[in-house]
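# Summary of the model geometry
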Amino acid sequence: MSAVADEQAAIQVESLTTFYGERRILNNVSLEIRPRETMVLLGSSGTGKSTLLRHILALEKPALGHIYVRGVDVCHSHPREMEDLRRHMGVLFQSGALFGSMTLGDNVAVPLRELTKLDESTIQVLVRMKLGLVGLGGYEDLMPAQLSGGMRKRAGLARALALDPEVLLFDEPSAGLDPITAAGIDELILKLKQTFPMTIVVVTHELASAFLIADRIAVMFAGEIVALGTPAEIQQNQHPRVQQFLKREPEEPERDSEAYLRSLTGPA
Amino acid sequence: MTAILAFFGQRSLAALRYVGGLAILGKDALYWTFVAPVQGKGLRGRAAIHQMVLAGVNAIPIVSLIALFVGLILAYQTANELRKYGATMLVVNIVAIAMSRELAPLMTAVIVAGRSASAFAAELGTMKVGEELDALDTMGLSKTKFLVVPKYLALILMMPCLTLVADFMGIVGGSIFALTEIDMPLGLYWIRALDALLMKDILSGLVKSVIFGIIITEIGCWEGFSVSGGAEGVGRRTTSAVVISITAIIAADMFFSGLFYYIW
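Cut-off values and rules
Residues numbered from 1 in each chain as written. Chains lettered and ligands numbered in written order. Predicted model: local features only at pLDDT ≥ 70, side-chain atom pairs only at ≥ 80, totals over all residues. Helix = DSSP H or I, 4+ residues; strand = E, 2+ residues; numbered from the N terminus. Rg over C-alpha atoms; globule rule 2.2 N^0.38 Å. Buried ≥ 20, exposed ≤ 12 C-beta atoms within 10 Å, placed from the backbone. Contact = placed C-beta atoms within 7 Å. Core = buried A, V, L, I, M, F, W, Y, C linked by C-beta atoms within 7 Å. Domains from an automatic or database assignment. Nonpolar A, V, L, I, M, F, W, Y, C, P; charged D, E, K, R; others polar. Pairing = 2+ DSSP bridges. Axes fitted to C-alpha atoms, helices over the stretch in contact; angles between N-to-C directions.

## A closer look at the overall build of chain A
Along its length, chain A carries 10 helices and 10 strands. Computed over the C-alpha atoms, the radius of gyration of chain A is 20 Å, within 12% of the 18 Å expected from 2.2 N^0.38 for a compact globule of 268 residues. By principal-axis analysis of the C-alpha atoms, chain A measures approximately 70 × 40 × 40 Å. By the burial criterion, 39% of the 268 residues in chain A qualify as buried. In chain A, 65% of the contacts between residues at least 6 apart in sequence involve partners at least 24 apart.

Rendered as structure tokens:
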């Protein structure tokens, strides 16, 4: 734990290492996310940022290391403890992940109906409130298939907010959206951040969005965090990978001609 | 040599993992169907009724038609042989007993496997691809309770019903033969058919049909949960859901036929 332990970290990742088959995806990643801060995990695709998110959500188990959310070890804790923890976490998946067989209203009502003892009329009021919060008031009776991508994400966000989570996680909130709709989602995240005392974690590769919403940014490359700091600090960071990402330079082509020839001929 | 050993070793391990996965899913489904509701953890009754309509009621026409054909085929195929011994009348007994003990449950299970194991795998697989299963996990909701139990309950209840329909329609199929080929009046045909049947003939078929229903749900759902790699993955798993469940149904049928032969 950190030296200034006046307050417990919202999310604490300790030396996390994971593999997909033989391939190492995350390499000894450690990261502390403070309560009520907005942390953006920034990096190009395949750098392990979504994998890190899936581990924080306990959807996957790491090979090595620990993750604590609100002090609970998500990799090795009792199911009952996890159940309790999940009520305090909300997630917006890349596609929105709405249940296709239910209306928007029912989608938002799922966590309320299943995890609380509220009566149906209260649930209906809450559903309308949450949908109103994301700008979808009056759309309760539509099916997910009738919505645009941006609206599906907003509805997914309303469902994530249903139980007033302390930790809210976003997987690529602007992926697959046009710039205007994406800006609308950023705006919404900013609004939530100002209105509710939540810890927010956003995984993205969108530079503009990251610098707009983040309190701190962690830049990931090849399964490691190569830079961590406020948006201003990241701008100044001289790490070649960070500069490459900020200046949007493409990956350098293979220079070693020997290695290139070997790769063509295959193993002898 | 080691390569061959490694190949068979890997295959055996994969098969064991598969059976293990099915066992865990089965245990979970039993818990959420029969234990959890008693503990007040709820049962998704409306979803179960919806599944009963999809997998059961909507299958009645096709199950009836195929059972009718099978009954008639059975009559034609056995009649020639029986005629040589002057026992054409026994066609009635053979149709009634073979349908209710064996062919009705088996054909029903094969049809339901084709209709519903594929539907289960495709539905759950699409949900997996759309991150809906992850969403359930992150909300702390049981996938088994939400998605498997309604299907499980639906097939446990609907398979015996469909099998009874198939029993009846198979014997109706035989009556077409009796009426047209050996001029047996319908009344006499039914009296002889019911005379030939013992309660255990029908019951053993119904017991098997419940087992087949469990097999179809488990394999359909397991294949759906195992989808990876987008739309193509859903297609692959849907195919294997049908192939594996039909194979498992026939294997189970063989096992139970042997068992009933000795003990019942």
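## What about the nonpolar core?
All names here are of chain A. Counting residues in hydrophobic clusters, the biggest one holds 136 residues, and the most contacted among them are Leu-169 and Val-219. Per-domain counts for this core show at least three residues from each of domain 1 (1-88 + 167-179 + 191-251) and domain 2 (96-164). Ignoring sequence-local partners within four residues, the contact set of Leu-169 consists of Leu-53, Ile-56, Leu-57, Met-89, Val-91 and Val-201.

## A few points about the domain arrangement of chain A
Residue and element names in this part refer to chain A. Examined at the domain level, chain A breaks down into domain 1 (1-88 + 167-179 + 191-251) and domain 2 (96-164). On a C-alpha basis, the centres of domain 1 and domain 2 stand 26 Å from each other. Each partner contributes residues to the interface: domain 1 has 5 residues there, and domain 2 has 6 residues.

## So, the interface of chain B and chain A
Contacts between the two partners involve 10 residues from chain B, matched on the other side by 16 residues from chain A. Across the side of chain B that touches chain A, the residue classes break down as 3 nonpolar, 3 polar and 4 charged.

## As for the pairing of strand β9 (residues 216-221) of chain A
All names here are of chain A. The element β9 is largely enclosed, with a buried count of 5 among its 6 residues. Examined bridge by bridge, strand β3 (residues 38-42) and β9 share 4 bridges and lie parallel to one another. Bridge pairing in β9 links Val-40 to Ile-217. Where β9 hands over to strand β10 (residues 224-229), the hairpin turn is made up of 2 residues, of which Ala-222 adopts a positive phi near 45°.

## A word on the sheet that holds β3(A)
Residues and elements named next belong to chain A. Taken together, the 6 strands give an open sheet; going across it, the order is β6-β7-β8-β3-β9-β10, and neighbouring strands pair in mixed fashion. Because the sheet does not close on itself, it has two edges, and the strands there are β6 (89-92) and β10. Put simply, the sheet's adjacent strands are angled 15° from each other on average, direction ignored. The pairing of β3 with strand β8 (residues 199-204) spans 5 bridges and is parallel. Among the inter-strand pairings, Leu-41 is bridged to a residue of β8, identified as Val-203.

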